[in-house]
2 protein chains.
Amino acid sequence: MSELGKHDTTDVVAYMNGLGGDARAASVVMRRVDSGLKNRALQIMARLIDERRESLTAANADDLTRARDNGLSEAMVDRLALTPARIDAMIEGLEQVAALPDPVGEIDGLKYRPSGIQVGHMRVPLGVIGIIFESRPNVTIEAASLCLKSGNACILRGGSEAASSNRALGEIIREALVAAGLPATAVQVVATTDRAAVGRLIAMPEYVDVIIPRGGKSLVERITNEARVPVIKHLDGICHVYIDATADLDMAVSIAENAKTHRYGTCNTMETLLVDAAVAAEVLPRIAERLAVHEVEIRGCERTCDILSEAVAATDQDWDTEYLAPILAIRVVEGVEAAMAHIERHSSGHTEAIITDNYALARRFMAEVDSSSVMVNASTRFADGFEYGLGAEIGISTDKLHARGPVGLEGLTTRKYVVFGDGQIRQ
Amino acid sequence: MSELGKHDTTDVVAYMNGLGGDARAASVVMRRVDSGLKNRALQIMARLIDERRESLTAANADDLTRARDNGLSEAMVDRLALTPARIDAMIEGLEQVAALPDPVGEIDGLKYRPSGIQVGHMRVPLGVIGIIFESRPNVTIEAASLCLKSGNACILRGGSEAASSNRALGEIIREALVAAGLPATAVQVVATTDRAAVGRLIAMPEYVDVIIPRGGKSLVERITNEARVPVIKHLDGICHVYIDATADLDMAVSIAENAKTHRYGTCNTMETLLVDAAVAAEVLPRIAERLAVHEVEIRGCERTCDILSEAVAATDQDWDTEYLAPILAIRVVEGVEAAMAHIERHSSGHTEAIITDNYALARRFMAEVDSSSVMVNASTRFADGFEYGLGAEIGISTDKLHARGPVGLEGLTTRKYVVFGDGQIRQ
């Protein structure tokens with residue numbers, strides 16, 4: 001291991017190999033570190049961030065200036081900013097993660113077998129996690145804290161726009177690790193903006209166990225295609241709400257409004273509303289009235305357009321679009337079968353909800369819809385690690401294997417079998 | 001969907017796309033099928049196999065003749081053979097899988113959140129599973145039964161040597177599915193021996209959710225490198241037993257003998273024995289004496305060779321070799337740290353055991369060794385789905401994500417979040 005994990009970035013592949021080797025070595029130590037030490041490191045991190053607000057803000061100002069000079073949009077510049085409120089949120093987040101139960105070492109299902117051995121599952125860290133993200137520098141702290149608490153080593157590669165902020169945060173993380181007596185290389189922030197660093201990070205299975213990309217669809221797709229290690233990925237959220245004929249229509253209106261308008265840019269926002277033909281004429285005008293207040297554009301199927309004069313005709317493409325904007329696609333369907341067929345075909349497998357008062361339909365929808373979250377009579381906006389009680393969230397997985405839906409500390413661990421014997425041999 | 005899933009095999013890509021589309025459609029039906037129907041299909045399969053022993057044996061005889069004509073070794077020919085005992089085992093296996101609890105639909109962790117929603121996890125099928133295997137035709141029945149019981153559709157691609165047997169078994173499976181009222185395409189046996197079929201099977205994420213290769217290391221590595229869908233893989237088992245200074249030496253001798261000699265060709269067989277220097281001189285001659293009875297060759301480190309005159313000097317390569325043969329590598333080490341460092345470096349992450357009477361060392365070994373099974377005072381040969389009580393096993397995963405260690409029905413499922421609400425919206 002190089003001294004304190006400091007490496008020369010001139011040769012990017014050699015540099016990344018150095019980070020990888022250091023992370024692998026740190027992961028062996030992190031595997032056995034007790035909760036107290038990990039929490040102490042998190043608390044020191046929180047304190048250091050609080051003490052260094054000024055220097056953090058100064059480092060961030062460099063990024064903001066460069067971003068404006070490079071002509072980034074104000075929306076992008078806003079995402080980059082480490083405002084006092086965002087610094088407070090980082091500190092609070094660290095304290096929350098420190099307060100979460102440690103998943104590592106938990107043993108469950110320990111049972112005696114006829115041979116006399118006792119077999120169970122122990123929860124253990126994944127090892128080394130590579131996280132690739134864009135713009136928001138506070139992700140550096142979120143990702144570091146979750147990987148640390150779950151006993152993993154990690155290599156963080158933030159966006160080049162936030163390089164200066166990330167460097168300052170990386171220095172604080174390193175100091176906190178050392179002060180707590182943990183390996184300085186348990187969390188490493190990639191110190192080069194060379195894109196080849198990402199290419200190497202996702203292609204070194206000898207050092208990295210899993211890659212988590214956090215960012216836009218094109219980033220995630222590129223990484224998934226090129227990675228040589230498993231990827232826990234978060235793709236689009238084309239979420240549906242289906243209003244059944246038996247639905248409480250007040251509830252349906254309220255949930256439809258909330259699922260669409262509570263926030264537009266989130267993956268658990270409803271993008272398509274499906275309405276049973278039996279109640280479409282009654283409920284759609286009420287929903288449209290609410291959406292009009294928020295200036296939401298409606299793109300409807302033919303029957304929707306017949307009911308709502310303000311709706312524009314939806315094209316085939318609309319059913320497969322994640323708008324992330326004040327636009328809603330609406331389709332009138334003949335019953336739950338048609339609704340589920342539409343979802344099967346067009347959903348991205350993120351989150352779907354049924355609004356119904358029919359017991360049998362609720363059970364069917366719950367059992368048959370193949371998405372990471374399936375809901376009855378609730379807003380899709382609840383599909384979130386905090387709302388689900390995970391305490392924290394590293395992302396929402398749209399994969400089926402390993403982690404599905406909101407991913408918290410548990411998703412950053414795996415289980416191994418443990419066997420307690422008294423000298424048993426196989427007959 | 002084509003009629004009864006029958007496709008023309010002339011154009012391999014079109015053929016595989018046809019199987020894929022049919023499997024995807026069948027998986028939507030299988031997702032909601034109740035346990036009774038699935039068990040009925042398994043029982044009918046068992047009955048049909050029993051009734052058709054003659055035609056199965058005749059189909060198998062074709063494969064055996066072709067194998068001998070092609071000059072396959074007698075060991076290979078033996079693996080191909082559907083003997084009466086193996087037919088009995090297939091029938092018994094089907095009955096056992098029918099008797100296992102159905103994992104699908106199980107909800108756990110259902111908890112109220114402060115918002116009033118109730119959140120839990122529901123176990124659901126993965127969807128479509130592609131299984132690629134070699135020679136042994138009984139795998140066709142094992143794989144089909146596990147995929148069926150876990151509510152998945154599957155596409156099975158057996159070895160070309162067993163083509164005739166697999167076709168006959170595929171016909172029985174199809175008849176049983178239809179007789180039970182399930183989609184005939186829930187289990188499809190690839191009807192071409194063209195290797196391009198495998199290339200397509202592992203590269204159609206739109207139809208296949210996961211690939212499970214069962215076979216030699218080169219098959220698994222090739223598939224892992226080329227697959228465009230997740231792979232649950234089973235690579236080598238370089239398993240270690242470490243005899244600590246406090247070990248009960250009678251127990252140590254008995255476990256060492258069992259772990260090495262119970263069966264040579266299995267992945268949970270011990271390949272390297274690590275012995276604490278404090279007891280090496282006492283225990284190694286006793287172990288060597290037992291191994292001599294089985295004619296096991298010993299390849300030792302320098303200190304081992306000093307103690308055992310019959311040992312030959314191990315080379316660096318020996319520590320990284322899965323012998324699958326009556327050969328054992330032995331290394332004398334200074335304590336548990338050195339043993340764990342050796343394991344960290346050379347283990348394939350399959351199964352490791354410590355033989356000790358020291359509580360603290362047992363706890364450390366258990367917590368720190370990063371393998372799919374970690375044992376105290378038991379033979380590595382216990383790392384097996386049946387011995388662990390899974391009821392059945394589709395393989396032993398050496399991956400860390402999703403399924404690790406022996407994979408039973410649960411490993412063929414995933415979990416989705418379910419949310420029960422009463423009209424809640426996000427504040």
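Residues numbered from 1 in each chain as written. Chains lettered and ligands numbered in written order. Predicted model: local features only at pLDDT ≥ 70, side-chain atom pairs only at ≥ 80, totals over all residues. Heavy atoms only, no water.

1. Focus: the packing of aromatic side chains
Applying the stated criterion across every chain yields a total of 2 aromatic pairs over all chains. Taken together, a centroid distance of 4.7 Å and an interplanar angle of 40° make the contact between A:Tyr388 and B:Tyr417 tilted. Placement of A:Tyr388 in the loop between β13 (373-378) and β14 (395-397) and of B:Tyr417 in strand β16 (residues 413-424) is noted, with the two residues assigned to different chains. According to the relative accessible area criterion, A:Tyr388 is buried, its value standing at 7%. Positioned over the ring face of A:Trp319 is A:Arg331, at 5.2 Å from the centre of the ring. (Phe/Tyr/Trp six-rings, centres within 6.5 Å; stacked < 30°, edge-to-face > 60°. Helix = DSSP H or I, 4+ residues; strand = E, 2+ residues; numbered from the N terminus. Buried < 20%, exposed > 50% of the residue type's maximum accessible area, 1.4 Å probe, protein only. Lys NZ or Arg CZ within 6 Å of the ring centre and 35° of its normal.)

2. Focus: the interface of chain A and chain B
Listed per partner, the contact involves 67 residues of chain A and 67 residues of chain B. When chain A packs against chain B, close to 5700 Å² is buried across both sides, 53% of that on carbon and sulfur atoms. Contact with chain B buries area across many residues of chain A, yet A:Leu401, A:Tyr417 and A:Arg426 alone supply 16% of it, more than any other trio. Taken together, chain A and chain B are joined by 14 salt bridges. One salt bridge in this structure joins B:Arg32 and A:Glu368, with 3.3 Å as the shortest N-O distance. Put simply, chain A and chain B have 49 residue pairs in polar contact (both at pLDDT 80 or more) between them. (Contact = heavy atoms within 4.5 Å. Buried area = accessible area lost by both parts, 1.4 Å probe. Salt bridge = Lys/Arg side-chain N within 4 Å of Asp/Glu carboxyl O. Polar contact = N/O pair within 3.5 Å; in protein donor to acceptor, adjacent residues only side chain to side chain.)

3. Side note on the pairing of strand β3 (residues 128-133) of chain B
All names here are of chain B. Within β3, 6 of the 6 residues are buried, which leaves the element mostly enclosed by the surrounding structure. Of the two faces of β3, the one holding Val128, Gly130 and Ile132 and the one holding Ile129, Ile131 and Phe133 are both buried throughout. Bridge analysis of β3 against strand β4 (residues 153-157) gives 5 bridges, and the strand direction is parallel. Each residue of the ladder has a partner; that of Ile131, found in β4, is Leu156. The parallel pair β3 and β4 is bridged by helix α6 (residues 138-149), and the resulting crossover is right-handed. (Pairing = 2+ DSSP bridges. Right-handed = clockwise from strand over helix to strand, strands pointing away.)

4. Side note on the environment of B:Gly21
Take B:Gly21: it is sitting in helix α1 (residues 12-30). Along the chain, B:Gly21 and B:Thr380 lie 359 residues apart, while their C-alpha atoms are 42 Å from each other.

5. Details of the UniProt feature "domain: Aldehyde dehydrogenase" (unreviewed entry) in chain A
Using the residue numbers shown here, the UniProt feature "domain: Aldehyde dehydrogenase" (unreviewed entry) corresponds to residues 22-293 of chain A. End-to-end, the C-alpha atoms of residues 22-293 of chain A are 55 Å apart, and along that stretch the chain is 52% helix and 17% strand. (UniProt positions renumbered as here; feature names shortened; annotations may be inferred.)

6. Focus: the state of the cysteines
All names here are of chain B. Considering all chains together, one arrives at 0 disulfides over all chains under this definition. Among the cysteines around Cys147, which has no disulfide bond, Cys154 carries the closest sulfur, lying 4.1 Å off. Residue Cys154 is classed as buried on the basis of its relative accessible area of 0%. (Disulfide = S-S within 2.5 Å.)

7. Digging into the pattern of salt bridges
On inspection of all chains with the given rule, the structure shows 64 salt bridges over all chains. The salt bridge involving B:Arg123 is made with B:Glu410; its shortest N-O contact spans 3.7 Å. You can see B:Arg123 sitting in strand β2 (residues 118-125) and its partner B:Glu410 sitting in the loop between β15 (405-407) and β16, a full 287 residues away along the chain. The exposure class assigned to B:Arg123 is buried, which follows from its relative accessible area of 14%. Judged by its relative accessible area of 41%, B:Glu410 falls in the partly exposed class. One salt bridge connects B:Arg214 with B:Glu142, and the closest N-O pair in it is separated by 3.5 Å. With B:Arg214 in strand β6 (residues 210-214) and B:Glu142 in helix α6, the pair connects residues that are 72 residues apart, well separated along the chain. On the accessibility criterion, B:Arg214 (19% relative accessible area) is buried. One network of salt bridges, with partners in common, ties together A:Arg24, A:Arg31, A:Asp209, B:Glu344, B:Asp370, B:Lys400 and B:Arg404.

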